[in-house]
Amino acid sequence: MMQMCARIGGSLLALLLALPVAATSVDDLPGDSVYRVAAELSDQSGQALAFADAAGNVRLASMFYASCGYVCPLLIEQIRGIETQLDDEQKQRLRVLLISLDPARDTPDALATLALERGLDLQRWTLARPQPGDLRKLSAVLGVQYRQLDDGEVNHSTVISLLDAKGRILAQTSKLGAKPDPGFVEAVRAALSAATP
């Protein structure tokens, strides 16, 4: 389901490599890993990253854009709501990756500003923008539909994917609301329990 985001100033960020993790070669990833998609990103600090650098942690991944005034803030709050359903140890091990649907405007400064405004834990959250040529393949692998509108808005779906440490999609949800999707929260807990600390 496509939802419209209104534009507002702001942005978000976090570090993909927040914890030391052994470098993962794409050749070591399973065939169904989303990280096998070759894509280059840059985070809120302007650091260049390969999409595969996100491997190594259980992660929630979705797509957004920083100036969105309605749906994307709800998406961020939904992820934060999922985090509140976890115990402290689980929360510390969960990582979040939000990839911009508006890389031209979502500069590192815009992403960093959004992260500050939203009070995001930059040790666990990463906001990143892809190279424009990589946007379509990232949205396809994460199941996010989007359409750029003439007024600069981005009409897009709100899929949140739960990825294991090797980038396999374990569960997805599109529910936004006052309470997180209980089945999705249970999937997050199970993934974190199954992952070796």
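Chemist: Lay out the pattern of salt bridges in plain terms, naming residues and giving numbers.
Modeler: Scanning the model with the defined rule gives nine salt bridges in all. A salt bridge links glutamate 77 to arginine 118, with the nearest nitrogen and oxygen atoms 3.8 Å apart. Taken together, the residues span a long stretch of sequence, with glutamate 77 in helix α1 (residues 71-84) and arginine 118 in helix α3 (residues 108-118) at a distance of 41 residues. A relative accessible area of 38% means that glutamate 77 is categorised as partly exposed. Residue classification places arginine 118 among the partly exposed residues on the basis of a relative accessible area of 27%. Taking the shortest distance from any N to any O, the salt bridge between arginine 124 and aspartate 121 comes out at 3.0 Å.

Chemist: Report on helix α4 (residues 135-142), specifying residues and quantitative values.
Modeler: Along α4, the residues classified as buried are Leu135, Leu138, Ser139 and Leu142. Burial along α4 is one-sided: seen end-on, the buried residues are contained in an arc of 100 degrees. Set apart from the buried face of α4 by more than 90 degrees, the exposed residues are Arg136 and Ala140. One or two steps after α4, the chain reaches glycine 143, where phi turns positive at roughly 75 degrees.

Chemist: Tell me about the pairing of strand β9 (residues 160-163), residues and numbers included.
Modeler: Here β9 shows two buried faces, one formed by Ile160 and Leu162 and the other by Ser161 and Leu163. Here strand β4 (residues 59-64) runs beside β9; their pairing, made up of three bridges, is antiparallel. When the sheet's bridge partners are listed, leucine 60 is paired in β9 with leucine 162. Linking β9 to strand β10 (residues 169-173), which pair antiparallel, is a turn of five residues; within it glycine 167 sits at a positive phi near 85 degrees.

Chemist: Requested: an account of the nonpolar core, with residues and values cited.
Modeler: Judged by nonpolar contacts, the single largest core of 53 residues is most densely connected at Tyr35, Phe51, Leu60, Phe64 and Val188. Elements supplying a minimum of two residues to this core: β4, α1, β5 (95-100), α3, β6 (125-130), α4, β9 and α5 (182-194). When residues in this core are grouped by element, the largest group, six residues, is from α1.

Chemist: Which residues make up the sheet that holds strand β2 (residues 40-43), and what values do they have?
Modeler: Overall, mixed pairing links the seven strands, which are arranged β3-β2-β6-β5-β4-β9-β10 in an open sheet. A strand with exactly one partner marks an edge of an open sheet, and here the two such strands are β3 (48-50) and β10. Averaged over all adjacent pairs, the angle separating strand axes in this sheet is 30 degrees, with direction ignored. Here β2 pairs with β6 via three bridges, running antiparallel. In the strand pairing of β6, serine 42 is matched with arginine 129. Lying on the sheet, α4 is in contact with β2, β4, β5, β6, β9 and β10; it crosses β4 at an angle near 130 degrees.

Chemist: Tell me about the side chain of aspartate 106, and name the residues and values.
Modeler: Take aspartate 106: it is sitting in the loop between β5 and α3. Taking the relative accessible area as the measure of exposure, aspartate 106 reaches 2% and is therefore buried. Engagement of the side chain of aspartate 106 in a polar contact is seen with the side chain of serine 100, the distance being 2.5 Å.

Cut-offs applied
Residues numbered from 1 in each chain as written. Predicted model: local features only at pLDDT ≥ 70, side-chain atom pairs only at ≥ 80, totals over all residues. Heavy atoms only, no water. Salt bridge = Lys/Arg side-chain N within 4 Å of Asp/Glu carboxyl O. Helix = DSSP H or I, 4+ residues; strand = E, 2+ residues; numbered from the N terminus. Buried < 20%, exposed > 50% of the residue type's maximum accessible area, 1.4 Å probe, protein only. Arc of directions from axis to C-beta. Pairing = 2+ DSSP bridges. Core = buried A, V, L, I, M, F, W, Y, C linked by side-chain atoms within 4.5 Å. Axes fitted to C-alpha atoms, helices over the stretch in contact; angles between N-to-C directions. Contact = heavy atoms within 4.5 Å. Polar contact = N/O pair within 3.5 Å; in protein donor to acceptor, adjacent residues only side chain to side chain.

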